[in-house]
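Listed below, chain by chain, are the residues.
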Protein chains: 2
Amino acid sequence: MPLRIVIFDDNNNIRDSIGMLLKTEEQFELVGSFPHVLDCVDEVKACNPDVVLMDIEMPGMNGIEAVRLIKQAMPHTEILMQTVFEDDDRVFDSICAGASGYILKSQLNTRLIPFIKDLQGGGSPMSPTIARKVLGKMQEVSAVIRQEPGSDYKLSSREKEVLACIVNGLSHKMIAGELNISYETVRSHVKKIYEKLHVVSISQVVFKAVNEKLL
Amino acid sequence: MPLRIVIFDDNNNIRDSIGMLLKTEEQFELVGSFPHVLDCVDEVKACNPDVVLMDIEMPGMNGIEAVRLIKQAMPHTEILMQTVFEDDDRVFDSICAGASGYILKSQLNTRLIPFIKDLQGGGSPMSPTIARKVLGKMQEVSAVIRQEPGSDYKLSSREKEVLACIVNGLSHKMIAGELNISYETVRSHVKKIYEKLHVVSISQVVFKAVNEKLL
DNA sequence: GAAAAAATCACCAAACCCGGTGATAGGTCC
DNA sequence: GGACCTATCACCGGGTTTGGTGATTTTTTC
């Protein structure tokens, strides 16, 4: 059973030459070729391809948005993005939308066939240059996610409990009830927390706690 | 000027065979080869390599931790991870630590040379299988990061300004000064904000605003 | 042009928050 | 055993926040 492939690209020449290229390998079968993505979901459903070759730059709907829709409708379809630009944001957005690989148009002739085979083998083919961008973004993102505790304010465990209550919007009185201690004791803890966090109000405590993930 | 390379791997045979392999290309020069990473920072500083080939599995210190230290000390050093496992978490951790590429030990013979050349060219070489894991993680992570605005509380622009002040820890009185309006006007806005956000206190406002990225 | 929404301001009373200043009791560390 | 930290509780007084109620002007929307 041959691998079913669909192309979306507004450039007729590219669609044609990709068609020619695929014909040289009998394991591939071009089952659809469209100049725009306005009806892409219906078309993909009708063609039922294993692999979609998607151009990023297209009139009407954006190729990235199309990826999102196709992946939503048919999650098991593999999508290989093709583009002339190695634009950081678009690479990133394509990935988030669900693309499985990334090929530069300048490399279509030499790389398309092996890339599709990589996809078939469960891989995510992309040029090392693209991969570098992906890794860069990944590092950036991970740095945001888990900014190290760095600043440890040495709160006692009790103080952390009180802090958690504050962040959850409880008043001092409610915290007293929650933790079964007196209102004044809560106040003592709060004062200590303010001191240790170098803040002077509830709002600053909440902001700092949430922002620096003190819980 | 040849490309300077350093190897870290506890397996003597692998270190030797990589050394042999690199000798076949006169543009590469093996300037260091170590069986553990306990002194890796000093060693890398002494050897001053362009590329470090790092084994993940090693006695004593973990190869990933070593990457972190080396990248901290010498940020411009390119690091190519080598491993026998395609373990998701370790791939991810390596990337976050600062690795620039990823090669399977089973592919050392055929791929090491081109991979190092990719690194030299500013790329991030990795097998399509590894790339798939990276993309998967990336999609997962990005889904966490940008939970869509979803809940739009339809705050007016003025209310958003006041909200921003609150989140930054300003008292109502200070906000009045900041925005050049009266204290009572600030209160009106605050009341509206509470109503729209379905909250009843400053702390809840700050928590909700930060958590749902309302700014 | 009328209705709706946004932005502005005002007052009262109750509740709440916060700084300062203290005290007591239990645990840890040297 | 004494110094130190943590957890507990208490009072005062000033300042802040909050709910309720209401008003005027400007801008937006239909």
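These numbers were taken from a predicted model, which means no experiment stands behind them.

What counts as what
Residues numbered from 1 in each chain as written. Chains lettered and ligands numbered in written order. Predicted model: local features only at pLDDT ≥ 70, side-chain atom pairs only at ≥ 80, totals over all residues. Heavy atoms only, no water. Contact = heavy atoms within 4.5 Å. Buried area = accessible area lost by both parts, 1.4 Å probe. Salt bridge = Lys/Arg side-chain N within 4 Å of Asp/Glu carboxyl O. Polar contact = N/O pair within 3.5 Å; in protein donor to acceptor, adjacent residues only side chain to side chain. Helix = DSSP H or I, 4+ residues; strand = E, 2+ residues; numbered from the N terminus. Nonpolar A, V, L, I, M, F, W, Y, C, P; charged D, E, K, R; others polar. Near = heavy atom within 4 Å. Buried < 20%, exposed > 50% of the residue type's maximum accessible area, 1.4 Å probe, protein only. Pairing = 2+ DSSP bridges. Axes fitted to C-alpha atoms, helices over the stretch in contact; angles between N-to-C directions. Domains from an automatic or database assignment. Parallel < 35°, antiparallel > 145°, perpendicular 65-115°, else oblique. Least-squares fit on C-alpha atoms with pLDDT ≥ 70 in both.

**Here's the deal with the interface of chain A and chain B**
By a widespread convention, an interface's size corresponds to the accessible area lost as its parts come together.
Thinking step 1. In this assembly, 40 residues from chain A lie in contact with 40 residues from chain B.
Thinking step 2. Summed over both partners, the interface of chain A with chain B buries about 3200 Å², with 67% contributed by carbon and sulfur atoms.
Thinking step 3. Interface area lost by chain A to chain B is led by Arg132, Leu135 and Met138 of chain A, which between them contribute 21%.
Thinking step 4. Applying the counting rule to chain A against chain B returns two salt bridges.
Thinking step 5. A salt bridge links arginine 132 of chain B to glutamate 78 of chain A; the nearest nitrogen and oxygen atoms lie 2.7 Å apart.
Thinking step 6. Counting across the interface, chain A meets chain B through twelve residue pairs in polar contact (both at pLDDT 80 or more).
Thinking step 7. Examining the composition of the side of chain A that touches chain B, we find that twelve residues originate from one element, helix 6 (residues 128-145) of chain A, more than from any other.
Thinking step 8. Grouping the constituent residues of the side of chain A that touches chain B by class yields 20 nonpolar, 14 polar and six charged.

**Some thoughts on the protein's contact with DNA strand C**
Thinking step 1. In the vicinity of DNA strand C, 20 residues are found, and the nearest of them are Arg187, Lys191 and Tyr194 of chain A together with Ser156 and Ser188 of chain B.
Thinking step 2. For DNA strand C, a base oxygen lies 2.6 Å from a polar atom in the side chain of arginine 187 of chain A.
Thinking step 3. Arginine 158 of chain B is positioned such that a nitrogen or oxygen atom in its side chain is 3.0 Å from a phosphate oxygen of DNA strand C.
Thinking step 4. By residue number, the principal contributor to the surface near DNA strand C is helix 9 (residues 183-197) of chain B, which donates five residues.
Thinking step 5. Here the residues of the surface near DNA strand C sort into five nonpolar, nine polar and six charged.

**Examining the protein's contact with DNA strand D**
Thinking step 1. Close contacts around DNA strand D come from 20 residues, with Ser156 and Ser188 of chain A together with Arg187, Lys191 and Tyr194 of chain B the closest.
Thinking step 2. Expressed as a percentage, the sugar and phosphate content of the atoms of DNA strand D within 4 Å of the protein is 49%.
Thinking step 3. Taking serine 182 of chain A, its main chain carries an N or O atom lying 2.6 Å from a phosphate oxygen of DNA strand D.
Thinking step 4. One of the side-chain nitrogen or oxygen atoms of serine 188 of chain A is found 2.5 Å away from a base nitrogen of DNA strand D.
Thinking step 5. Elements that contribute at least two residues to the surface near DNA strand D include exactly helix 7 (157-167) and helix 9 (183-197) of chain A together with helix 8 (172-179) and helix 9 of chain B.
Thinking step 6. The dominant element in the surface near DNA strand D, judged by the number of residues it contributes, is helix 9 of chain A, at five residues.
Thinking step 7. Grouping the constituent residues of the surface near DNA strand D by class yields five nonpolar, nine polar and six charged.

**Looking at the environment of lysine 154 of chain A**
Residues and elements named next belong to chain A.
Thinking step 1. Note that lysine 154 resides in the loop between helix 6 and helix 7.
Thinking step 2. Among the residues examined, lysine 154 registers a relative accessible area of 67% and is labelled exposed.
Thinking step 3. Along the backbone, lysine 154 and leucine 69 are 85 residues apart, and their C-alpha atoms lie at a distance of 48 Å.
Thinking step 4. Not counting residues up to four positions away in its chain, the partners in contact with lysine 154 are Glu159 and Lys196.

**A word on the sheet that holds strand 4 (residues 78-83) of chain A**
Residues and elements named next belong to chain A.
Thinking step 1. Across the sheet, which stays open at both edges, the five strands sit in the order 2-1-3-4-5 with parallel pairing between neighbours. If you trace the sheet from one side to the other, it starts and ends with strand 2 (28-34) and strand 5 (101-104), each paired once. Averaged over all pairs of adjacent strands, the angle between strand axes in this sheet comes to 25°, irrespective of strand direction.
Thinking step 2. With five bridges joining them, strand 3 (residues 51-55) and strand 4 adopt parallel strand pairing.

**Let's talk about the side chain of serine 94 of chain A**
Residue and element names in this part refer to chain A.
Thinking step 1. Relative to the assigned elements, serine 94 resides in helix 4 (residues 88-97).
Thinking step 2. On the accessibility criterion, serine 94 (0% relative accessible area) is buried.
Thinking step 3. Of the polar contacts made by the side chain of serine 94, one reaches the backbone oxygen of arginine 90; its length is 2.7 Å.
Thinking step 4. Sequence-distant contacts of serine 94, that is, excluding residues within four places in its chain, are made with Ile56, Ile64, Val67, Met81, Ala99 and Tyr102.

**Things to note about the sheet that holds strand 3 (residues 51-55) of chain B**
Residues and elements named next belong to chain B.
Thinking step 1. With parallel pairing, five strands are arranged side by side in an open sheet as 2-1-3-4-5. The sheet terminates laterally at strand 2 (28-34) and strand 5 (101-104), the two strands that pair on one side only. Here the average twist between neighbouring strands, direction ignored, is 25°.

**Some thoughts on the domain arrangement of chain A**
Thinking step 1. Splitting chain A by domain gives domain 1 (3-139) and domain 2 (157-211).
Thinking step 2. Here domain 1 of chain A and domain 2 of chain A have C-alpha centroids that lie 52 Å from each other.

**Considering the packing of helix 8 (residues 172-179) of chain A against helix 9 of chain A**
All names here are of chain A.
Thinking step 1. Between helix 8 and helix 9, the shortest axis-to-axis distance is 8 Å and the interhelical angle comes to 110°. Put simply, helix 8 runs roughly perpendicular to helix 9. Counted together, His172, Lys173, Ile175 and Ala176 of helix 8 and Tyr183, Val186, Arg187 and Val190 of helix 9 form the full contact between these two elements.
Thinking step 2. Split into classes, the residues belonging to the contact of helix 8 with helix 9 amount to five nonpolar, one polar and two charged.

**Focus: the pattern of salt bridges**
Residue and element names in this part refer to chain A.
Thinking step 1. Evaluated as defined, the whole model comprises 25 salt bridges over all chains.
Thinking step 2. We note a salt bridge from lysine 196 to glutamate 159, for which the minimum N-O separation is 2.8 Å. Separated by 37 residues along the polypeptide, lysine 196 in helix 9 and glutamate 159 in helix 7 bring together distant segments of the chain.
Thinking step 3. Of the residues examined, glutamate 159 reaches a relative accessible area of 5% and is grouped as buried.
Thinking step 4. Within this structure, Asp9, Asp55 and Lys105 form a network of salt bridges that share partners.

**So, the relation of the copies chain A and chain B**
Thinking step 1. Once chain A is rotated about the relating axis by 178° and shifted along it by 0.0 Å, it coincides with chain B to within an RMSD of 1.6 Å. The transformation just described matches what one would write down for a two-fold rotation axis. When each C-alpha of chain A is compared by its distance to the rotation axis, methionine 138 of chain A comes out closest, at 2.4 Å.
Thinking step 2. The share of interface residues of chain A whose copies in chain B are also at the interface is 100%, consistent with both copies meeting through the same surface.

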